[in-house]
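# Chains, contacts and geometry: an overview
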Amino acid sequence: MWGDDEGGFNVTMTQSPSTASGVEPKQNTVISVAIRELFDSNEENKNTHVVVVGIIKQVETQALKNMFTIEDNTGRLLCIQWGDENELSRYPKLIENAYFKVVGSKRIQNDKVTLLCHSVRPLETLNELTHHLLSIIALPYVTEEINMASGTQQSTATNQKDFLMSGDNTNGFTDTTNNLSLNPRQLKVYTVIKRCQDEAGYSALDIQKILPEKMPLPEIEKILSFFIEEGHIFSTIDENHYKVTDFGG
């Protein structure tokens with residue numbers, strides 16, 4: 001893993017639920033970092049996704065990729081966003097001298113550190129910058145808590161229990177601010193995503209595991225497609241993980 005015991009890069013912050021009985025779950029770490037921290041280590045971890053917030057500089061658009069640098073008060077980092085012409089046209093426009101949030105994986109090639117982008121979007125509010133900085137400060141304390149918990153992590157079953165207990169009715173699905181005019185089954189899926197505390201968001205399979213009343217995976221995927229079209233959710237670390245766009249909710 002990255003860094004030493006005090007750097008925060010050697011601990012799994014989140015874990016995807018098991019995909020099948022007897023199958024070892026894939027661990028995915030999503031952590032907020034300052035750019036300097038990525039240069040302090042000469043190792044990379046493809047299962048680790050980092051969140052960087054800073055000002056976009058030097059945008060260069062090519063046939064199959066966008067290249068740009070992002071700058072915070074600790075340094076500058078080269079970012080690469082791959083995709084074909086159609087994919088790149090769907091991404092948010094890169095605006096120089098504007099604040100953006102980038103989720104990606106650290107890569108090292110020829111001793112040069114770059115960030116392979118999974119999600120790039122402008123900040124909706126500067127409160128997101130404040131939240132990012134606080135997350136960096138809080139990371140060592142969160143790491144200590146995880147180590148004290150003997151390495152155990154929150155499972156899907158625990159997520160489901162918390163989800164059930166946090167609702168206003170016996171099923172945990174009441175959302176008193178259903179101002180999106182969703183039908184009951186859409187509301188159940190939306191509520192699961194809305195309560196996600198993970199930077200990576202939830203996939204359709206994650207949602208299916210958390211819902212107490214099981215819903216067919218194709219139906220969940222259809223609902224997610226509807227949410228995307230309506231702008232209710234956005235993709236995070238890849239095209240299969242989502243969080244709600246209702247940042248104030």
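Heads up: these notes are all about the structure in this document. Keep in mind that this is a model prediction, so the values were computed, not measured.

## Some details on the environment of Arg 185
By the secondary structure assignment, Arg 185 is in helix α5 (residues 184-194). Arg 185 sits in the partly exposed class, given a relative accessible area of 29%. Separated by 38 residues in sequence, Arg 185 and Ile 223 place their C-alpha atoms 8.6 Å apart. Look past the residues within four positions of Arg 185 in its chain and what remains in contact with it is Glu 213, Met 215, Pro 216, Glu 219 and Ile 223.

## Points about helix α7 (residues 217-230)
Spanning 14 residues, α7 covers 20 Å between terminal C-alpha atoms, matching the ideal 20 Å at 1.5 Å per step. Here α7 has its buried residues at Ile 220, Ile 223, Leu 224 and Phe 227. Down the axis of α7, the sector holding all buried residues measures 100°, keeping them to one side. Facing away from the buried side of α7, by more than 90 degrees, are the exposed residues Pro 218, Lys 222 and Glu 229. Packing partners of the buried residues in α7 comprise α5, α6 (204-210), β7 (233-235) and β8 (242-244). Following α7 by one or two positions, Gly 231 adopts a phi angle in the positive range, close to 80°.

## Some remarks on the pairing of strand β2 (residues 48-61)
Pairing of β2 with strand β5 (residues 99-109), which is carried by six bridges, proceeds in the antiparallel orientation. Paired with Val 52 across the two strands is Val 102, which belongs to β5. Note that β2 and strand β3 (residues 65-72) share five bridges and pair antiparallel. The partner of Ile 56 across the bridge, within β3, is Ile 70. Hairpin remark: β2 followed by β3, antiparallel, with three residues in the connecting loop.

Conventions we followed
- For every chain, the first residue of the written sequence is number 1, and numbering continues from 1 onward in sequence order.
- Local features in a predicted model are, by the rule used here, given only for residues with pLDDT of at least 70; side-chain atom pairs are given and counted only at 80 or more, and totals for whole chains, interfaces and linings are based on all residues.
- In computing side-chain properties, one takes all heavy atoms of the structure into account and sets aside hydrogens as well as water.
- Only DSSP runs of H or I reaching four residues or more are called helices, and only runs of E reaching two or more are called strands; each is numbered from the N terminus.
- A 1.4 Å probe rolled over the protein chains alone gives each residue an accessible area, and that area as a share of the maximum for its type sets the label: buried under 20%, exposed over 50%, partly exposed in between.
- Residue contacts are defined here by distance: any two heavy atoms, one from each residue, within 4.5 Å place the two residues in contact.
- Every helix has an expected span of 1.5 Å times one less than the residues it contains.
- To be clear, the arc concerns the directions from the helix axis to the C-beta atoms.
- The rule for pairing is simple: two strands pair if DSSP sees at least two bridges between them.

By themselves these figures say nothing about function.
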